[in-house]
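Listed here are the chains, written in short residue letters.
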Amino acid sequence: MPSVTHEALVELFKNRPTLAAEMLQDALGQPVPTFTEARVESSDLAEIVPSDRRADVVVVLLVREQQRRAMAIVVEVQLSVDPDKPYVWPVYVTQTRARHRCPTWLLVVTIDAGIARWCARPIDAGHPGLTLTPLVLGPAGVPVVTDAEQARAAPEVVVLSAMAHGQGEAGEAIGVAFLAAAAGLDEERRAVYGDLVLSSLNAAARRMLEAMMKSGYEFQSEFARSYVAKGVEKGREQGILEAKAQAVLAFLEARGLEVPAEVRERVLASTDVAELDRWIRRAASVGDARELLATTGS
């Protein structure tokens, strides 16, 4: 399940279609062609043979007067290392380019500096001369928005700023800038963005902002409530899995059995409660820890 942070970042780029172009040009210094409209298009990139390929956001920059597409931008939010992405990102770019018949760029967004470095590595597609170097918007590239007028003009940018820099010294100033922008938002975006900014700020900045927004602030938006609830449930499920996995390993070790690295990794990676329960029962009788994984019976 995508995390609330992932979905929040995706929503920012969907709610403000020009945001991808703004970040490319203003934050990353990449020249974007002149356009009159930015439109979010379908991100389903399935081929004729059905496949599960869906980019986070696809934005097309249009020149209305000339009835042409100036550029397409594939926006991918990445919060962790994923070895599949160097294989699917080139597909996203080529499929989008084929669909919209225009130059297509890949913009990867992350709020972690280490992940930004990983995302920026060139991807060798295997064909001579065919290398894709993702354009990466990491925390260093996200502007620190503390100006009220700038925040009013681009509320999504100040929210992005809070998510990237809210834990630092600028947290309070970013929060105040957001409040200036919040008054001009519709009720749903004000609630969602308020939740995101508050959850992104350091403790002192959050206390200050909560006081300004009146005491007793709670998550207001349906978006935030649903993902917080899912996160709590996911955490509970994860806790059960981890406890059972540790029980398997503890049982094996208590019997004096050596637990090889591959067995330990397999047990800790299991997401099947029934499988873990079966391993707990088997751990009482196996003569070697490797037998745990070899058995299919109960």
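Structural data are supplied above this passage.
An account of the accompanying structure is given in this report.

Calculation notes
- Residues numbered from 1 in each chain as written.
- Predicted model: local features only at pLDDT ≥ 70, side-chain atom pairs only at ≥ 80, totals over all residues.
- Heavy atoms only, no water.
- Pairing = 2+ DSSP bridges.
- Helix = DSSP H or I, 4+ residues; strand = E, 2+ residues; numbered from the N terminus.
- Axes fitted to C-alpha atoms, helices over the stretch in contact; angles between N-to-C directions.
- Contact = heavy atoms within 4.5 Å.
- Buried < 20%, exposed > 50% of the residue type's maximum accessible area, 1.4 Å probe, protein only.
- Right-handed = clockwise from strand over helix to strand, strands pointing away.
- Polar contact = N/O pair within 3.5 Å; in protein donor to acceptor, adjacent residues only side chain to side chain.
- Expected span 1.5 Å × (residues − 1).

Regarding the sheet that holds strand E3 (residues 68–77)
Then comes step 1: If you trace the five strands from one edge of the open sheet to the other, you get E1-E2-E3-E4-E7, paired in mixed fashion. In this open sheet, the two strands that pair with only one neighbour each are strand E1 (37–41) and strand E7 (135–137). Across the sheet, the mean angle from the axis of one strand to that of its neighbour is 30°, orientation sign disregarded.
Then comes step 2: Bridge count for E1 against strand E2 (residues 57–63) is five bridges, and the pairing is antiparallel. Note on E2: the bridge partner recorded for Glu37 is Leu62.
Then comes step 3: Contacting E1, E2, E3 and strand E4 (104–109), helix H3 (residues 85–100) runs over the sheet at an angle of about 160° to E3.

Looking at the pairing of E3
Then comes step 1: Buried residues dominate E3, accounting for eight of its 10 residues.
Then comes step 2: Examined bridge by bridge, E2 and E3 share seven bridges and lie antiparallel to one another. Across the sheet, residue Val58 finds its bridge partner in E3, namely Val74.
Then comes step 3: Between E2 and E3, which pair antiparallel and follow one another directly, the connecting turn spans four residues, one of which, Gln67, has a positive phi of 50°.
Then comes step 4: Pairing analysis gives six bridges linking E3 to E4, with the strands arranged parallel. The residue of E4 that forms the bridge with Glu76 is Val108.
Then comes step 5: Remark: the E3/H3/E4 crossover connection has right-handed handedness.

Some details on unusual backbone geometry
Then comes step 1: Non-glycine residue Gln67 carries a positive phi angle of around 50°.
Then comes step 2: Note that Gln67 resides in the loop between E2 and E3.
Then comes step 3: Given a relative accessible area of 75%, Gln67 falls into the exposed group.
Then comes step 4: The phi dihedral of Arg101 is positive, around 55°, even though this residue is not glycine.
Then comes step 5: If you trace the backbone, Arg101 turns up in the loop between H3 and E4.
Then comes step 6: Given a relative accessible area of 75%, Arg101 falls into the exposed group.

Notes on the side chain of Thr110
Then comes step 1: With respect to the helices and strands, the residue Thr110 is situated in the loop between E4 and helix H4 (113–119).
Then comes step 2: Relative accessible area serves as the criterion here: at 1%, Thr110 is assigned to the buried category.
Then comes step 3: In terms of polar contacts, Thr110 uses its side chain to reach the backbone carbonyl oxygen of Gln78, at 2.8 Å.
Then comes step 4: Within the local environment of Thr110, its side chain forms a polar contact with the backbone nitrogen of Asp112, the two atoms lying 3.3 Å apart.
Then comes step 5: Apart from the residues lying within four places of it in its own chain, the contact partners of Thr110 are Gln78, Leu79, Ile115, Ala116, Val136, Leu137, Gly138 and Pro139.

Thoughts on the environment of Ala140
Then comes step 1: Structurally, the position occupied by Ala140 is in the loop between E7 and helix H5 (148–153).
Then comes step 2: For the pair Ala140 and Ala164, spaced 24 residues apart in the sequence, the C-alpha separation amounts to 8.2 Å.

Examining H3
Then comes step 1: When the terminal C-alpha atoms of H3 are compared, their 22 Å separation across 16 residues agrees well with the 22 Å that a helix rising 1.5 Å per residue should span.
Then comes step 2: Those residues of H3 lying buried are Lys85, Val88, Trp89, Pro90, Val91, Tyr92, Val93, Thr96 and His100.
Then comes step 3: In the stretch just after H3, Arg101 is the one whose phi turns positive, near 55°.

Section: the environment of Ala173
Then comes step 1: Checked against the element boundaries, Ala173 lands in helix H7 (residues 171–182).
Then comes step 2: Between the C-alpha atoms of Ala173 and Val144, which are 29 residues apart in sequence, the distance is 9.2 Å.
Then comes step 3: Not counting residues within four places of it along the chain, the set of residues in contact with Ala173 comprises Val145 and Thr146.

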